[in-house]
Amino acid sequence: MIELRKLSVDDGMDVYTMLQEIPKEENGVMNNANGLSFEEYKEWLRRKYADSEQIGLMDGWKVPSTTYWLYADEKPVGFGSIRHFLTDALRAAGGNIGYEIAPKYRGKGYGKKILGLLLEEAKRLGIGRVLVTIKLDNSASKAVALANGGVITGQTNERILMWIDTAQKS
Ligand SMILES: CC(C)(COP(=O)(O)OP(=O)(O)OC[C@H]1O[C@@H](n2cnc3c(N)ncnc32)[C@H](O)[C@@H]1OP(=O)(O)O)[C@@H](O)C(=O)NCCC(=O)NCCS
């Protein structure tokens, strides 16, 4: 069974352990929980939860975003996040959706699965078109986005820009 679960302040050791196995930064995807103590991670969960609920956000520089864990057979194997809207900076790098699979679980189809499930969530959040920005040399992520209906619409010096229509999702 594969499913997305929304980040909760009650998340525990299974998610904490996975986040310690995922680098702090990889291909522009940040994991700020890497290196935290368990108590610091619980505090970090509260901040991430607030990011989703739009509690205490400053206007202009930071947009609401929701974090999800991908669970496969009751084990967390990766995470994804949805930014609810875009700024000019995010249009060039970052986009609406980011995703990462823990290294030991890669190459099993979870990357394609998590993006598919995140697109369904984005549709539920009312986001009709989703931007994904992918570093030029990130072949795995390009394959993930293309398999999920991504259409390449542009390129910066560092990234290709792909839009995905969420109307195709259930
Ligand atoms: C990108 C990422 C999420 C893919 O996760 P995954 O679980 O390995 O993906 P999948 O198993 O669904 O494989 C997706 C495709 O990538 C291909 N692929 C996997 N690893 C690859 C690699 N190192 N080089 C080239 N292609 C690769 C697979 O062959 C598959 O394509 P195919 O179906 O056409 O054969 C994962 O590599 C990751 O977390 N990377 C670090 C963070 C990141 O880059 N996130 C995306 C930012 S835009």
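What you are looking at is a predicted structure, and each value in this text was computed from that prediction instead of being measured. (Residues numbered from 1 in each chain as written. Predicted model: local features only at pLDDT ≥ 70, side-chain atom pairs only at ≥ 80, totals over all residues. Heavy atoms only, no water.)

Engineer: For this particular structure, what's the right way to read the site of the ligand?
Structural biologist: Near the ligand lie 21 residues; those nearest to it are Tyr 99, Gly 107, Gly 109, Lys 112 and Asn 138. The backbone of Tyr 99 places a nitrogen or oxygen atom 2.8 Å from a nitrogen atom of the ligand. In the model, an oxygen atom of the ligand is placed 2.4 Å from a nitrogen or oxygen of the Lys 112 side chain. Relative to its free-state accessible area of 940 Å², the ligand is covered by the protein chains to the extent of 69%. (Near = heavy atom within 4 Å. Polar contact = N/O pair within 3.5 Å; in protein donor to acceptor, adjacent residues only side chain to side chain. Areas by Shrake-Rupley, 256 points an atom, 1.4 Å probe, with all protein chains shown as cover.)

Engineer: Help me understand the sheet that holds strand 5 (residues 75–83) in this model?
Structural biologist: Hydrogen bonds between backbone atoms are what pair the strands of a sheet, whose relative direction is either parallel or antiparallel. In spatial order, the strands read 1-4-5-6; together these four strands make up an open sheet with antiparallel pairing. Both outer strands of the open sheet, strand 1 (2–6) and strand 6 (97–101), are each paired with one neighbouring strand and no more. Looking at each pair of strands side by side, their axes are set apart by 25° on average, direction ignored. Bridge count between strand 4 (residues 65–72) and strand 5: eight bridges; the pairing is antiparallel. In the strand pairing of strand 5, Ser 65 is matched with Arg 83. Lying on the sheet, helix 1 (residues 13–21) is in contact with strand 4 and strand 5; it crosses strand 5 at an angle near 80°. Against the sheet, helix 2 (residues 38–53) engages strand 1 and strand 4, with an angle of about 120° to strand 4. (Pairing = 2+ DSSP bridges. Helix = DSSP H or I, 4+ residues; strand = E, 2+ residues; numbered from the N terminus. Axes fitted to C-alpha atoms, helices over the stretch in contact; angles between N-to-C directions. Contact = heavy atoms within 4.5 Å.)

Engineer: What is the right way to look at the side chain of Asn 31 in this model?
Structural biologist: Along the chain, Asn 31 falls in the loop between strand 3 (29–30) and helix 2. Relative accessible area serves as the criterion here: at 2%, Asn 31 is assigned to the buried category. Reaching out from Asn 31, the side chain makes a polar contact with the backbone oxygen of Ile 22 at a distance of 2.8 Å. Beyond its immediate sequence surroundings of up to four residues, Asn 31 is in contact with Leu 19, Ile 22, Pro 23, Lys 24 and Phe 79. (Buried < 20%, exposed > 50% of the residue type's maximum accessible area, 1.4 Å probe, protein only.)

Engineer: So what exactly am I meant to see when it comes to unusual backbone geometry here?
Structural biologist: One can expect most non-glycine residues to show negative phi and most peptide bonds to be in trans. We note that Asn 27 has phi near 50°; this positive angle belongs to a residue other than glycine. Tracing the sequence through the fold places Asn 27 in the loop between strand 2 (25–26) and strand 3. Phi is positive for Asp 73, which is not a glycine, with a value near 50°. Position of Asp 73 among the secondary structure elements: in the loop between strand 4 and strand 5.

Engineer: Looking at this structure, I do not really get the pairing of strand 6. What am I missing?
Structural biologist: Moving residue by residue along a regular strand, the side chains alternate between the two faces of the sheet. Summarising burial for strand 6: five of the five residues are buried, a large majority. Alternating residues of strand 6 divide into Ile 97, Tyr 99 and Ile 101 and Gly 98 and Glu 100, and every residue in both groups is buried. In the sheet, strand 5 pairs with strand 6 via five bridges, with the strands oriented antiparallel. Paired with Phe 79 across the bridge in strand 6 is Glu 100.

Engineer: What is the right way to look at the layout of surface pockets in this model?
Structural biologist: In this approach a probe as big as a water molecule rolls over the atoms, and the regions it shows empty are the leftover space. Space inside the largest pocket adds up to approximately 1200 Å³. Along the wall of the largest pocket there are 48 residues; nearest its centre are Gly 28, Val 29, Met 30, Gly 98 and Tyr 99. Mapped onto the lining of the largest pocket, the elements with two or more residues apiece are strand 3, helix 2, strand 4, strand 5, strand 6, helix 4 (110–124), strand 7 (129–135) and helix 5 (139–147). It is strand 6 that provides the largest number of residues to the lining of the largest pocket, a total of five residues. Along the lines of polarity and charge, the residues of the lining of the largest pocket split into 20 nonpolar, 16 polar and 12 charged. (1 Å grid on protein atoms, 1.4 Å probe; cavity = no way out; pocket = protein on both sides within 12 Å on 5 of 7 lines; lining within 4 Å. Points joined across faces, edges and corners; volume = space filled by probe spheres on them. Nonpolar A, V, L, I, M, F, W, Y, C, P; charged D, E, K, R; others polar.)

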